[in-house]
Each structure stands twice: as C-alpha cells, then as structure tokens.
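Chains, contacts and geometry: an overview
Residues per chain are reported as follows:
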Amino acid sequence: MTLHGADGAGGADALLTVLELLARRAPATDFDGLLDEARLSGLADGERDRLERAVALAAEVNAGREQDARREAGLATLTDTARDLTFSYDLDSLLRVITRRARRLLGLDLAYVTLRGPHGACYVHTTEGSRPGRADGPRLAPGLRIAEGYGLAGAVQLHGEPVWTADYLADERFAPSGSLDAGVHAPAFDEAAEAALRTEDLHAIMAAPLRSGDTVIGVLHGADRRVREHTAEEIGLLSALADLAALAVEKAGLLDRTRAEVSELERDSSRVRTSLTRMRHVSEAHGRIMNLVLAGGDLGSVAKAAADALDATVMIRDQGGQSLATAGDIPGFDEEAVAKASLDAHARRRPVLADDDTWVAPVIAGSEDLGGLVIRAAGGLTGEDERLLELAAQSVAFLLLMRRSTAVAEGPVRDELLDDLIADPPHAPQQIAQRARRLGVDLRKPHVLVLARPEGGEQGRAVVWASSYAYRLTGLKTVQGGCIVLLLPGIDASAAAKAVAAELSPLLGHPVSVAAAGPGWSPDGVARMHQEAGRCLDAMSALGGTGSAASVQDLGFLGLLLSDDNDVDGFVEAAIGPVLDYDAERFTDLTHTLEAYFASGGSPTNAAEALHVHPNTVSRRLERIGELLGPEWQKPGQVLEVQLALRLQRTREVLARGRATTDPVRPLPGPPERGA
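The rules behind these values
Residues numbered from 1 in each chain as written. Predicted model: local features only at pLDDT ≥ 70, side-chain atom pairs only at ≥ 80, totals over all residues. Heavy atoms only, no water. Helix = DSSP H or I, 4+ residues; strand = E, 2+ residues; numbered from the N terminus. Contact = heavy atoms within 4.5 Å. Areas by Shrake-Rupley, 256 points an atom, 1.4 Å probe, with all protein chains shown as cover. Phe/Tyr/Trp six-rings, centres within 6.5 Å; stacked < 30°, edge-to-face > 60°. Buried < 20%, exposed > 50% of the residue type's maximum accessible area, 1.4 Å probe, protein only. Salt bridge = Lys/Arg side-chain N within 4 Å of Asp/Glu carboxyl O. Core = buried A, V, L, I, M, F, W, Y, C linked by side-chain atoms within 4.5 Å. Pairing = 2+ DSSP bridges. Axes fitted to C-alpha atoms, helices over the stretch in contact; angles between N-to-C directions. Parallel < 35°, antiparallel > 145°, perpendicular 65-115°, else oblique. Nonpolar A, V, L, I, M, F, W, Y, C, P; charged D, E, K, R; others polar. Polar contact = N/O pair within 3.5 Å; in protein donor to acceptor, adjacent residues only side chain to side chain.

Each helix and strand counted, the protein chain has 20 helices and 16 strands in total. Contacts spanning at least 24 positions in sequence make up 62% of the contacts within the protein chain whose residues lie at least 6 apart. Of the roughly 33600 Å² that the protein chain leaves accessible, carbon and sulfur atoms contribute 54%.

In structure tokens, the structure reads:
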C-alpha cells in the first residue's frame, strides 16, 4: 500500500487502508506496518494522529471480535456439556468431559475436580492434564485426600465464591501462616496435597464452587504451570462449568437413589413372592410333621422331618440339656451359649439366636418346660423359618405329652414289676423276666437303681415326671416310702444320680436328694441295689448331704461299708493302686514311706528317722507319691481313704502270712530301697 503525504488525500487513503485491513481481519502486524509507512511518507501530524487513532480503534474491534469468538466458543462448550448431561448417566464420564473441556476452552495445563467427603475433607475425583508421577513426589491423581480448609478449595468451601491466584506457590495468602481474611481464616496445611501441587509445578490456579443449593459439594480447579493473571471472562466460564459439574453430581446422586429405590422395590416384590412361597412351605411342612406325630412317629422321625423342612441340623433336648434325638451333626457345638439361649428362649417363649447360625426354640406346654429344639442353619433363618421352627417345637411338645400320657397309662403295670423286683423274698425270676420283656425292658443288660426323695413340695408332679423319664430311657419306676425308685439301663450309678437331680430339681423348684447303686446284671440284684441305695440315701442325710446326688461309689470308704459286696480290692485299688503298682514294678518303697509318714504325724523328718534315710529322700518319695495319686492326695478326704486303704492292705498281708498259703492279694514290697 502507498500513502501520500502533506495532503488530505493521503490521510483519507490511510483511513481507507485501515478499514480494508479491518475487513480482511488482518493480523496486528499489518496495522503496525501501516503506521510505520505513514511515518516514513511524511503525513502531517494531524493526519498521522487520526491514523494512529484509527489503528487503535481497529485493535479494539479485533479484540472485541476475539472476545466474542471466545464467548461463542465458551457458550458452545457449555451447550455441548449441558447436552451431554442428557445422554450420559456416568458421573465419572461427565466430570471427565467437564475437566477436558475446561482445559481446552481456557487453555489450561491442568483441570481437576475435588468433591467433599463425609467428614469435611475433600478428595480428588477427576483430573485432566496431570503429569506422570515422579520418583521424588506424588501425583495430583484421583483418590488424593485433601485436608479440610486447605488451599483454594478450602477458601471456596469457606466463602462459596470463586477464588484465584496468579502464582499459588508464591501467594502468601495460602501459606500456613497466611490468611485470606485477616483475623478470620487461617488456611489449613496438607503436606501430601502441597507436595502433589509442587510435583505438578502449578502456579496460576483458579477454583470455582460446585453448589447444591446453599451447600458447596466440590470445587472445579483450572491451573497453569506459568504465572499469569485470570480474566473475569475466564472466571465466569469456569464458574459456569462448575455449575454444570454440580448438576452432574446431583443428577448422578438422584439417579443412584432412584436406582436404589427401584432395586428395593424389586427386592420387596421378590420378598413378597418368596414369603408367599415360604408360607405355603411352612404350612405343608407343619402338616407333614403333625402327621408323623399323630401316626405314632418317634422323636428321631420328627427331628428328621424338621431338618428337611428347615434345611438345617436339628437336635431335640430335654429339660436337663440331654439329647433325645438328632438329625445331622452340629460341629463346634457351644454348650454354654446354647444353655444361655435356652433360658432366654423359655423366658421369651420364642426362638433365640445362640450364635451366628445356631438357634434354640423352647419346647413348652403351658408353663411347663419340656426341653428345647436346637438347630444349625448355615444360611440363616427367615421370618417364615422362625415360624416353622416354633411350629416344629409345638409338635415336639405334643409328642412328648403323648409319650408321657402313654407312660402314665402303663405306669401301674410298670410300678408293679419294679415292686416285685424289689420285694423280699423276690418273685419267680422267670416270670418277672417275661413281664419285663413285654414292657420292653431287658433285665439281662446292666442296670442301676436310683432313689430320688423330693425335699419339700408336692410329690405328684415328681411322680408324673418319673413315669415319663423311665419310659423315655426304657426303665422302670415306682414309689416307695416317699421316694421315687427308678431302675435304669446303664453302668454308671453316679452319672445316673446326677442326671436325675439335674432334671428333677429345676422342674420342682426345690432340692431333691438322689442316691444310686449298681450296676446289676440280673433281676436278682435289684433288691440288693435298692437296699444299698437306701443306705446311701440315709448316709447322705446323716452327713448333711440333703439335696445332693451321689452313688455308693461316690462315698469312698463309706460306700465300702454300705455295699453288700464289700469290694475291698476295688477300694484299695482306687485309693493307693498306682503306688502299689509302682513299688511292684520298680522294687521301691513308697508304700512303707507312706505308712511312716502318717505314723509320724505327717512329718518328713520324723518319717526319715523311722526309715533310717535322709529327709531329702523322704521328700523325693512324697513328691513321687503326689505324681501317682494326684495333687490333692494330702487333703483330708483323700488322706483318710489312703490311710484306710493302707490299713486294709497291711491287714490282708498279715492274714495271708498267717494262713501260710499263697495269697492272691498283691503283696507289700520287700526291704526298703534308698533313694526311691
């Protein structure tokens, strides 16, 4: 282009050239070249001033165009982002779109979103433009936790308005000792977040709030790795994108809640259908169990039917906790937890959970405790399962009452049989054996006899219980002299006495004295066991043992005196047998040491003088005796039995020598051996 100087035409041409450049959207260098040419052409000062003014106005027009273009681009981006909200339901995808567009629209090096956590702290949710992590510092990556009140995010959370800085790392407002509002707010310091920002080498940062009503739920950040100022237009665009991000968060939350509600409705519908199915199952299963009961089925069949219906392991227990029938095994059975749950179940009159997968249901008839149902259900129990468990417990109670009624009906016949067995002289054994077989009692197997004397209260309830108990265990029962007499199969009289006391005492609510004798292996031995049990019961009363349970064997040497067979060998063996065996096998002298120890009044020193050995030798022998007889061998009760056994053994040895025959009784050891 050519300009003419010193005339008006040249000035007009210059202005026209400016308009042409403006129309062509020429770059700023073309306008600068036009001014240089005007200076060289010698335009008058007035013309040159007008040209410079025209170029300046043209620059403003171009700046306005660029601003309009950026605004249009921003609006288009906002429109596209808003449109994306209608298509995508994934919060992660939406926030990635917003950070990506914020970075591209504003020419940022990094954009990221932080969301508020449940306890005030924030965490980085989405980033765009983050550098790969370096060995000497962390990344500003999703999941990074940021302390409450830290940095720009903390300021935005506090004020609810956009915050920006030209150089964050040098801005004293965000230092730990700085303050955004003097005297009002001291920013928090987060070492990990600070290290991440330094690793990213971020300087210019602006942050806009994500609002949900009046609450700030997060912050949208835009950052550059250079120092620069932010324009109002940039702040406005970031704020608009932050509003869209907040909308995305709210929408995602609403959709999540809606999905959860729909899922819950679907589950409710499924539960209703399942409940109806289970109710039909409960009705059918209860019908099958009751049919078994009415058809005369036993407890094992009922337990099996209940186990199949509940898909569980079932155990039927009596009042004392003894197992009456089982269907399957219950590994790791916690007796203490089940016993506690049984008490709670009977108090509440409904099933109670004993542990993670074990339930206890009370078996009751009115106010009477008949026992309990214990089930192990690995998959847990539904409400319908609990109802079925209650119905199964009722069926078991009905069956137990039926069995009791049968036992009561047969009671007179069974009572007469036991009366005849106890009678002196006894009735014809062959006839008694035939009568017992008809009642399902095999007297050829070992039996024990138990006497139970209720200490107060009415006897009628105890008699009814005894009829059921004897019937349940295939035994016999009668009542004589105010005592309940039970003939039960078994070989452990002591255990039988304790089992009767454990079940009968809680039922009556007051103590019961129980004595037992046996075992016996024939009908002829029943009368003898009855006499021994009676003497045992009398001895217990004389010794102040009213309300306790014991057998002839439990009374030690008293049992030896009370017993008709006077089992001296058994008593000696039980009291000092290990010591006698040790002396016989090793040719030691522990037995003589015991005798000397007792003869000297329990003094090891005096015993050593009597034995002509060192006191340490006696001490070592006493330690060995303690190992053989147990740590409580010197307590008064056991000491008395040990001394009596020593006397009996010595007397038998003397008598054997006096007969000058070979004595089958175990001889005492020979000459003392030092150091044994």
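The discussion continues.
If you walk through the whole model with that rule in mind, you get 5 aromatic pairs. Taken together, a centroid distance of 4.6 Å and an interplanar angle of 25 degrees make the contact between Trp465 and Tyr469 stacked. One end of the pair is Trp465 and the other is Tyr469, both in helix H12 (residues 460–472) and 4 residues apart, which spans about a single turn. Each member of the pair, Trp465 together with Tyr469, is buried. Three or more aromatic residues link up through ring pairs in this structure, and these residues are Tyr597, Phe598 and Trp633.

According to the stated counting rule, one finds 15 salt bridges in the structure shown. Across the salt bridge formed by Arg267 and Glu264, the nearest N and O atoms sit 2.7 Å from each other. With Arg267 and Glu264 both in helix H7 (residues 232–294), this residue pair falls 3 residues apart, about one helical turn. Given a relative accessible area of 41%, Arg267 falls into the partly exposed group.

Moving on: the nonpolar core. As a rule of thumb, soluble globular proteins bury nonpolar side chains together. Judged by nonpolar contacts, the single largest core of 34 residues is most densely connected at Val363, Leu373, Ile375, Leu389 and Val396. At the level of secondary structure, the elements contributing two or more residues to this core comprise H7, helix H8 (299–310), strand S7 (313–317), strand S8 (323–327), strand S10 (358–365), strand S11 (368–376) and helix H10 (383–422). A per-element tally of this core places H10 first, with 9 residues. Beyond its immediate sequence surroundings of up to four residues, Leu389 is in contact with Leu310, Pro351, Trp359, Ala361, Leu373, Ile375 and Leu381.

As a further point, take the pairing of strand S14 (residues 483–489). Most of S14 is tucked away, with 6 of its 7 residues classed as buried. Across 6 bridges, the pairing between strand S12 (residues 447–454) and S14 is antiparallel. Directly across from Ala452, in S14, lies its bridge partner Ile484. Where strand S13 (residues 476–480) meets S14, 5 bridges bridge the pair, whose relative direction is antiparallel. Of the residues in S14, the one forming a bridge with Thr478 is Val485.

Another aspect to go through is the sheet that holds strand S4 (residues 163–165). With antiparallel pairing, the 6 strands of this open sheet are ordered in space as S3-S2-S1-S6-S5-S4. Two strands in the sheet have a free side with no partner beyond their single neighbour: strand S3 (145–146) and S4. Relative to strand S2 (residues 122–128), strand S1 (residues 110–116) is paired through 6 bridges, and the arrangement is antiparallel. When the sheet's bridge partners are listed, Thr114 is paired in S2 with Val124. Each of S1, S2, strand S5 (204–212) and strand S6 (215–224) touches helix H4 (residues 91–106); the most contacted strand, S2, lies at about 60 degrees to it.

Most of helix H17 (residues 590–599) sits out of view: 7 of its 10 residues are buried. Looking at H17, one finds that the buried residues are Leu590, Thr591, Thr593, Leu594, Ala596, Tyr597 and Phe598. Gly601 sits one or two residues past H17 and shows a positive phi near 75 degrees.

Take the packing of H17 against helix H19 (residues 615–629) next. Axis separation between H17 and H19 bottoms out at 10 Å; the angle between their running directions is 105 degrees. With respect to H19, the axis of H17 lies roughly perpendicular. Where H17 abuts H19, its residues Leu590, Thr593, Leu594 and Tyr597 lie against Val618, Arg621, Leu622, Arg624, Ile625 and Leu628. Residues of the contact of H17 with H19, tallied by class, amount to 7 nonpolar, 1 polar and 2 charged.

Moving on, we come to the side chain of Glu200. Relative to the helices and strands, Glu200 resides in helix H6 (residues 191–200). Residue Glu200 is classed as buried on the basis of its relative accessible area of 1%. A distance of 2.5 Å separates the side chain of Glu200 from the side chain of Ser130, its partner in a polar contact. Setting aside chain neighbours within four positions, we find Glu200 in contact with Leu110, Ser130, Arg131, Arg139, Leu140 and Arg225.

Note that all results are geometric; they support no functional claim without further evidence.
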